[in-house]
Every structure is written in structure tokens, then in C-alpha cells.
Amino acid sequence: YGGMGLDFSYNIAVAEELGNIRCGGIPMAIGVQAGMATPALTRFGSHELKKQFLVPTIAGDFVACLGISEAGAGSDVANIKTTAVRKDDEYVINGGKMWITSGTQADWMCLLANTSEGPPHRSKSLICLPMNLPGIHVARKIDKLGMRSSDTAQIFFEDVRVPCKNLIGEEGKGFTYQMLQFQEERLWGVAAALTPLETIIQETIDYTRQREVFGQPVLHNQTVHFRLAELATELELLRSLLHRAVALYVEGNDVTKFASMAKLKAGRLTREVTDSCLQFWGGMGFTSEVLVSRFYRDFRLISIGGGTDETMLSIICKYMEILPRK
């Protein structure tokens, strides 16, 4: 379908390299294409669907977006309200989606919607939804704290009709497909953070080495160079966890626990690194002229998007069998 036929570890190599772009929004938009909106279609979609949607997406002719979150259901995927009711050979879609990356420019959406009244984990399906259909309203582009070079939309659906053949895989399996898709999304997100964190630490070293306070370089203060050493160590631990998870995933294992651990650690470490390093830049760190302040805003999203830190902790607890049962 236009891809190179390589395993998932190459996606991670690409994500790490994209970290050399000096903002978070562009790598994230590419990540939506490669690791968030397309894995389920690639794995479970029909040949016809792949020809219609996957081929132009891989070629870069189509922009894809992922329609999961809603105003009342972000990390709580089971609670989404959007419906796709089957009528003859079409689904009629009503509802809305929130926080949709690339939503104002997308050619199609990988949409999660309720296709039955059953239990929440078995009532949902993934559907390839062209974004030029009647009844699709892109309500607004959301103004955000960071990731400003990436558009984020609120979208409403009013009696949108889409052919039933646009269903990805089996009806009612959408929640399961999306959980698998989340593994790749979360691993991509971790990989995309590694190089920026390396860059921030190195640029902070360079700046504090030449910036003098009280007659000596800022870097010569033990509190500064020890802290930078700690952050570099934490970053290498995160890299090792990511690479272990990816190796297991490529071998066909369920890495939900490790992907969740890596995502949790990445969210916290990006906050720690950018906050600590910004402090060492002093007043300059509080301006928009330096990269550390941009990454401080951009990477705050990692603890929220694709499942919050708290959701990651719940998943980890579930796999450890220490989560209280309802």
C-alpha cells in the first residue's frame, strides 16, 4: 500500500529523528498519520478501504485525524456518546469530537462511534469517515497553551451518512482495535520526546557554561551540574524502557503495561527536564526567544494527550492486579 514493509521499530527510529524539529506540533501531526490514525486500518481494514484511505495517507496526499475524544470523554474512551446507526447499507452518524489533532485540515477521520446499545467495550466500531461529507461541521480551531503549529479542532456530526463498507474490521470491535492502536500511539509519543529532551539538556549546558553569575559560570554551581546529570540519567532510563517495549512489541507481545509505564515516565520527565532547565536559563527562560520555553509549553501535553498520567497509572495497576474492583 505504499509503505516500505518494515517493522514497528523503524517507526520509532523515525519518531526519534523527528525530535530534531525544533517544535512539538509538526512531529505530532506526522505521528497522527503514522502511529495514531492508521494502525487499525493497516491491521484490520479491508483491501478496498486500504486502497481508498491508507495509500493516499502513506503517500502524503491525504491528512488523517483520529476521532476518539469528546467534550465529556477524553481518557475515558468507554464513555463516548457519538453514535453510528445502521440504516440499510449506510451508517448515520450523530454526535461530536473534541481535541482532534489536524481536524481543521483532515481529509478523513478514523472515527470511534457507538454502533450498538451493548456493553461499552463491545458496542463501538472504528469507521473511515471522509471529512467532506454533508453534516460534518468543524466548529472551531482551539487556541492552546502549546503545540501551536498543530491545529486542534472541535467537530460536530449531524446525520452524516457513510457507507457501511467503511467499517474497519468487525462491528463492535472498535474499542479493542483502539486499545491496540493506543499502544503504538503511546510508544511513538515517548520516542518523539527523547531527542528534544537531549537537545534541551545540551543547550542548557552550553548556556550555563557561558553565562556568568557572581564571577563564575552558572554551570559551576553544584546544584546545576548535578541536576543536569540526574536529568540525563533519567532520560537514558526512559530510552531503555522504550526500546525494551518496542522489541517485545515487534515480537508480537502485548506491551500495554510497558507502553503505559513509558508514557507515564515520558510525561513526567518532560515536565521535569523543561522546568528544571528553564530555571537555569533565568529571565531568558521566561521569554519566547529560547527553545526551552517552547518545549516547556509544547511537551506539557504528553501527560494529558493519548491518556493522562492518571489513566496510565490505572492501566499499570490493572496489569499488576492491584486495581480495586468495582
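The model shown is predicted, which means the values in this text are computed figures rather than measured ones.

S.K.: Could you give an account of the overall build of the protein chain, with specific residues and numbers?
M.R.: Per the secondary structure count, the protein chain includes nine helices and nine strands. For the protein chain, whose C-alpha radius of gyration is 21 Å, the value lies close to the compact-globule estimate of 20 Å for 326 residues. When the backbone C-alpha atoms are referred to their principal axes, the protein chain occupies close to 80 × 40 × 40 Å. Summed over its atoms, the accessible surface of the protein chain is roughly 15,800 Å², and 54% of this surface lies on carbon and sulfur atoms. Charge-centre separation for the protein chain: the mean point of 34 positive side chains lies 4 Å from the mean point of 36 negative side chains.

S.K.: So what's going on with the domain arrangement of the protein chain? Which residues, and what values?
M.R.: Each assigned domain of the protein chain is listed with its residue range as follows: domain 1 (37–170) and domain 2 (176–320). Between the C-alpha centres of domain 1 and domain 2 there is a distance of 29 Å. The interface of domain 1 with domain 2 comprises 20 residues on the first partner and 16 residues on the second. Overall, the association of domain 1 and domain 2 removes approximately 1,500 Å² of surface from exposure, summing both partners, and the carbon and sulfur fraction of that is 61%. Counting the surface domain 1 buries against domain 2, the share from its top three residues, Arg43, Ser75 and Met147, is 33%. The shortest N-O distance in the salt bridge between arginine 43 and glutamate 184 comes to 3.0 Å.

S.K.: Just give me the short version of a nonpolar patch on the surface, but keep the residues and values in it.
M.R.: Taken together, the side chains of Tyr1, Val55 and Ile58 present a nonpolar region at the surface, about 250 Å² in accessible area. With respect to the element layout, tyrosine 1 can be found in the segment before α1 (8–18). Classification of tyrosine 1 by relative accessible area gives partly exposed; the value is 43%.

S.K.: Quick one: what's the story with the pattern of salt bridges, residue by residue and with numbers?
M.R.: Per the stated rule, a full pass over the model turns up 17 salt bridges. As a salt-bridge pair, arginine 86 and glutamate 171 come within 3.3 Å of each other at their nearest N and O atoms. Residue arginine 86 is located in strand β2 (residues 83–87), and its partner glutamate 171 is located in the loop between β7 (152–163) and α5 (174–210); the two are separated by 85 residues in the primary sequence. Here the residues in one salt-bridge network are Glu16, Glu198, Glu236 and Arg239, joined through shared partners.

S.K.: Break down the packing of aromatic side chains for me, with residues and values.
M.R.: Aromatic ring pairs are described here by two measures, namely the spacing of the ring centres and the angle between the planes. Counted by the stated rule, this structure contains five aromatic pairs. Measuring from centroid to centroid gives 5.2 Å for phenylalanine 8 and tyrosine 249, while their planes differ by 75 degrees, and the two rings are edge-to-face. You can see phenylalanine 8 sitting in helix α1 and its partner tyrosine 249 sitting in helix α6 (residues 222–250), a full 241 residues away along the chain. Their ring planes at 5 degrees and their centres at 4.1 Å tell us that tyrosine 207 and tryptophan 281 sit as a pair that is stacked. Separated by 74 residues along the polypeptide, tyrosine 207 in helix α5 and tryptophan 281 in the loop between α7 (256–280) and α8 (291–298) bring together distant segments of the chain. Accessibility classification places tyrosine 207 together with tryptophan 281 in one group, the buried group.

S.K.: Could you give an account of the side chain of threonine 101, with specific residues and numbers?
M.R.: On the secondary structure map, threonine 101 appears in strand β3 (residues 90–101). Residue threonine 101 is classed as buried on the basis of its relative accessible area, which comes to 16%. Beyond its immediate sequence surroundings of up to four residues, threonine 101 is in contact with Met28, Val32, Cys65, Ser150, Asp151 and Thr152.

S.K.: Lay out the environment of alanine 84 with the relevant residues and their values.
M.R.: Along the chain, the position of alanine 84 falls in strand β2. Alanine 84 sits 77 residues away from arginine 161 along the chain, and the two C-alpha atoms are 8.9 Å apart. When near neighbours in sequence (up to four residues on either side) are disregarded, alanine 84 contacts Tyr91, Val92, Ile93, Ala113, Asn114, Thr115 and Ile127.

S.K.: So what's going on with the nonpolar core? Which residues, and what values?
M.R.: In this structure, Leu41, Leu126, Ile168, Leu187, Leu228, Leu242 and Val273 are the most contacted members of the largest nonpolar core, which totals 68 residues. Examining the composition of this core, we find that 15 residues originate from one element, α5, more than from any other. A domain-level breakdown of this core finds at least three residues from each of domain 1 (37–170) and domain 2 (176–320). With residues up to four places along the chain from it excluded, the contact list for isoleucine 168 reads Ala40, Leu41, Phe44, Gly45, Leu49, Cys110, Leu126, Cys128 and Tyr177. If you look at the next biggest cluster of nonpolar residues, it comprises 20 residues, including Tyr91, Ala106, Met131 and Ile155.

How each quantity is defined
- Residues numbered from 1 in each chain as written.
- Predicted model: local features only at pLDDT ≥ 70, side-chain atom pairs only at ≥ 80, totals over all residues.
- Heavy atoms only, no water.
- Helix = DSSP H or I, 4+ residues; strand = E, 2+ residues; numbered from the N terminus.
- Rg over C-alpha atoms; globule rule 2.2 N^0.38 Å.
- Areas by Shrake-Rupley, 256 points an atom, 1.4 Å probe, with all protein chains shown as cover.
- Lys, Arg positive; Asp, Glu negative; His and termini not counted.
- Charge placed at Lys NZ, Arg CZ, Asp CG, Glu CD.
- Domains from an automatic or database assignment.
- Contact = heavy atoms within 4.5 Å.
- Buried area = accessible area lost by both parts, 1.4 Å probe.
- Salt bridge = Lys/Arg side-chain N within 4 Å of Asp/Glu carboxyl O.
- Patch = residues over 30% accessible without salt bridge, like charges linked within 9 Å, V, L, I, M, F, W, Y side chains within 5 Å.
- Buried < 20%, exposed > 50% of the residue type's maximum accessible area, 1.4 Å probe, protein only.
- Phe/Tyr/Trp six-rings, centres within 6.5 Å; stacked < 30°, edge-to-face > 60°.
- Core = buried A, V, L, I, M, F, W, Y, C linked by side-chain atoms within 4.5 Å.

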